[in-house]
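Report on the structure
Single-letter residue listing:
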Amino acid sequence: MATNCFLFIHVLVMFSLTSMAFSNYLSPYFYDYVCPEALPTIKRVVEDAVREERRMGASLLRLHFHDCFVQGCDASILLDQTETIDSEKTARPNNNSIRGFEVIDKIKSEVDKACGHPIVSCADIVAVAARDSVVALGGPSWEVQLGRRDSTTANRNMANNDIPPPFLDLPALINNFKNQGLDEKDLVALSGGHTLGFAQCFTFRDRIYNETNNIDSTFASQRQVDSPRSGGDSNLAPLDPTPLLFDSEYFSNLLCKKGLLHSDQALFSGGQTDNLVQIYSTNLGTFAKDFVESIIKMGNIKSLTGDQGQIRVNCRKVN
């Protein structure tokens, strides 16, 4: 009787694990039973990477954003170019710009080792790494919805068309986010991710040399020192005064017409998002709360679940 009872429990547990592995919905508890060491392992590797280079935290957050805006949050951004894969890495918004791939590779290796086999998707790794990066730089934490599966395709053209470029005006930004199922609050809150990180000169050169109406002239002159009219395309400038700390300085900058990117300043330019920018500039708690809600919402965009896609063995190529 005891043996039969043990066998029944064993079968029940295995059935539960199998069901979870092919679940059709996302859950923050997805790996609790199949690999309880998964999330702590991701956190450890991310913290090590951010400790070595604090800018990497912003890069991993951006990787999640650029992944979700193309085909959904499916790790398509990680796929290298092949005869059948049109890699998103060489799309205009990503080429010589998007980074953090080596950290994802390290996480994947460590997680698979901890779990005993490839059970954690690259898409989930990207989502969790973004959360852990924000936390490592002083930002809020949240329960990441888990259970995504990895795509077997990438779409360079979609990356060119759907990732919002830095020169968009407010109506175009609103429409871009609307196409992803995101509203104006999501637009402003997620743009607040620019409280972290840096931008390359070519993304803001036109703004600091040619715009006059909605830019502080002293700020423009300061940025011109390290960003010449020609050359120096990859020179970096901080997106806000504290680019290695999650705070509300990004929004305070917009009130002073010191947004680095045209698309940043567009959020405070006499349009319908002005009020949110003002609220976030003086209330870090409200910004953090809305940021969490919006990034969870973004993380649900067209996620592959169940038997869709695959769990890649190598995040850079399909199985």
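Reading the values: the criteria
- Counting from 1, residues in each chain are numbered in the order their sequence is written.
- Note on the predicted model: pLDDT of at least 70 is required for a residue's local features to be given, and 80 or more for side-chain atom pairs to be given and counted; whole-chain, interface and lining totals, by contrast, use all residues.
- Think of the side-chain values as coming from all heavy atoms in the structure, minus any hydrogens and water.
- Helix and strand assignments come from DSSP, with helices taken as H or I runs of at least 4 residues and strands as E runs of at least 2, each series counted from the N terminus.
- We compute the radius of gyration over the C-alpha atoms and compare it with the globule rule, which gives 2.2 Å times the number of residues raised to the power 0.38.
- A simple rule labels every residue: compare its accessible area, found with a 1.4 Å probe on the protein chains alone, to the largest value its type can have, and call it buried under 20%, exposed over 50%, or partly exposed in between.
- Surface exposure here means Shrake-Rupley accessible area, sampled with a 1.4 Å probe, where a residue is shielded only by the protein chains that are shown.
- Neither His nor the chain termini are counted; the positive set is Lys and Arg, and the negative set is Asp and Glu.
- To locate a charge, take atom NZ for lysine, CZ for arginine, CG for aspartate or CD for glutamate.
- Here, the term nonpolar core denotes a set of buried Ala, Val, Leu, Ile, Met, Phe, Trp, Tyr and Cys residues that are joined through side-chain atoms within 4.5 Å.
- The criterion used for residue contact is that any of the two residues' heavy atoms lie within 4.5 Å.
- The term salt bridge refers to a side-chain nitrogen of Lys or Arg lying within 4 Å of a carboxyl oxygen of Asp or Glu.
- pLDDT measures the predictor's confidence residue by residue and takes values from 0 up to 100.
- Note on geometry: axes are C-alpha line fits, over the in-contact stretch for helices, and angles between N-to-C directions span 0 to 180 degrees.
- Oblique is the label for every angle not falling under 35 degrees (roughly parallel), over 145 degrees (roughly antiparallel), or within 65 to 115 degrees (roughly perpendicular).
- Less than a right angle of anticlockwise turn of the near helix away from the far helix marks a crossing as left-handed, whereas a clockwise turn marks it as right-handed.
- Only Asp, Glu, Lys and Arg are considered charged in this grouping, and only Ala, Val, Leu, Ile, Met, Phe, Trp, Tyr, Cys and Pro are considered nonpolar; every other residue, Gly among them, is considered polar.
- Note on disulfides: each one is a pair of cysteine sulfur atoms within 2.5 Å.
- Excluding any residue in a salt bridge, patches collect residues exceeding 30% relative accessible area, merging like charges within 9 Å and nonpolar Val, Leu, Ile, Met, Phe, Trp and Tyr side chains within 5 Å.
- Polar contact is the term for a pair of N or O atoms within 3.5 Å; when the atoms are in protein, one must be able to donate a hydrogen and the other to accept it, and sequence-neighboring residues count only if both atoms are side-chain atoms.
- Pairing of aromatic side chains requires ring centres within 6.5 Å, counting the rings of Phe and Tyr and the six-membered ring of Trp. Pairs whose planes differ by under 30 degrees are stacked, by over 60 edge-to-face, and all others tilted.
- Here, a charge over a ring means that NZ of Lys or CZ of Arg falls within 6 Å of the ring centre while also lying within 35 degrees of the ring normal.

Looking only at helices and strands, the chain has 14 helices and two strands in total. Relative to its length of 319 residues, the chain is compact, with a C-alpha radius of gyration of 21 Å against a globular reference of 20 Å. Dimensions along the principal axes, computed over C-alpha positions, put the chain at roughly 80 × 45 × 35 Å. Every one of the 319 residues in the chain was classed for burial, and the buried ones make up 51%. Element-wise, carbon and sulfur atoms account for 54% of the exposed surface of the chain, whose accessible area totals about 14600 Å². With 30 positive and 38 negative side-chain charges, the chain shows a separation of 2 Å between the mean positions of the two kinds.

Further remarks concern the nonpolar core. General note: in soluble globular proteins, nonpolar side chains tend to be found buried as a group. Membership of the largest hydrophobic core comes to 75 residues, with the highest contact counts inside it found for Leu78, Ile104, Ile107, Leu267 and Phe291. The element that contributes the greatest number of residues to this core is helix α5 (residues 122-136), accounting for nine residues. In this view, Leu267 contacts Leu170, Leu173, Leu187, Val188, Ser191, Tyr250, Leu254, Thr273, Asp274 and Val277; residues no more than four positions away in its chain are not counted. Counting 12 residues, the second largest nonpolar core, distinct from the first, contains Ala199, Ile208, Ile215 and Ala237.

For the coordinates displayed, the defined rule picks out 20 salt bridges. For the salt bridge of Arg44 with Glu110, the shortest nitrogen-to-oxygen distance reads 3.3 Å. Taken together, the positions of Arg44 in helix α2 (residues 38-52) and Glu110 in helix α4 (residues 101-115) put the pair 66 residues apart, joining distant regions of the chain. The exposure class of Glu110 is buried, given its relative accessible area of 14%. Each of the salt bridges in this network shares a partner with another, and the network as a whole consists of Arg44, Lys106, Glu110 and Lys113.

Confidence in the prediction for the chain averages 93 pLDDT; 93% of positions are at 70 or higher. For the stretch residues 5-19, pLDDT sits under 50, and the model shows two contacts to residues farther than four places along the chain or on other chains.

All right, on to the packing of α2 against α4 then. The description of two packed helices rests on the angle between their axes and on the distance between the axes. α4 packs onto α2 with a crossing angle of 150° between their chain directions and a minimal axis gap of 9 Å. By the angle class used here, α2 and α4 are roughly antiparallel. Crossing of α2 over α4 shows right-handed handedness. Between α2, through Ala38, Thr41, Ile42, Arg44, Val45, Val46 and Ala49, and α4, the contact on the second element is made entirely by Val103, Lys106, Ile107, Glu110, Val111, Ala114 and Cys115. The class makeup of the residues in the contact of α2 with α4 is 10 nonpolar, one polar and three charged.

With that out of the way, let us pick up the state of the cysteines. One pass over the full model with this rule turns up three disulfides. The disulfide that involves Cys35 links it to Cys115, with 2.0 Å between the sulfurs. Across the S-S bond of Cys35 and Cys115 the torsion is about -90°, and the bridge reads as left-handed. Taken together, the positions of Cys35 in the loop between α1 (2-21) and α2 and Cys115 in helix α4 put the pair 80 residues apart, joining distant regions of the chain. Here Cys68 is linked by a disulfide to Cys73, with a sulfur-sulfur distance of 2.0 Å. Its S-S torsion of about 120° marks the bond between Cys68 and Cys73 as right-handed, since a negative value means left-handed. Note on Cys73: relative accessible area 1%, which makes it buried.

We now examine the environment of Lys178. Tracing the sequence through the fold places Lys178 in helix α7 (residues 170-178). Owing to a relative accessible area of 61%, Lys178 belongs among the exposed residues under this scheme. Along the sequence, Lys178 and Phe291 sit 113 residues apart, while their C-alpha atoms lie 17 Å from each other.

Judged by side-chain polarity, Phe198, Leu236 and Leu244 come together as a nonpolar surface patch covering roughly 210 Å² of accessible area. Note on placement: Leu244 falls in the loop between β2 (236-238) and α11 (249-255).

A few words on the side chain of Arg207. One can find Arg207 in helix α9 (residues 201-210). A distance of 3.2 Å separates a polar atom in the side chain of Arg207 from the backbone oxygen of Asn214. Once residues within four sequence positions are removed from consideration, Arg207 is found in contact with Asn214, Ile215, Lys257, Lys258, Gly259, Leu260, Leu261, His262 and Gln265.

Attention now goes to the packing of aromatic side chains. Per the stated rule, a full pass over the model turns up 12 aromatic pairs. A connected cluster of aromatic rings, assembled from ring pairs, spans Trp142, Phe246, Tyr250, Phe251, Tyr280, Phe287 and Phe291. Stacked on the ring of Phe101, the Lys or Arg Lys89 has its end atom at 4.2 Å from the ring centre.

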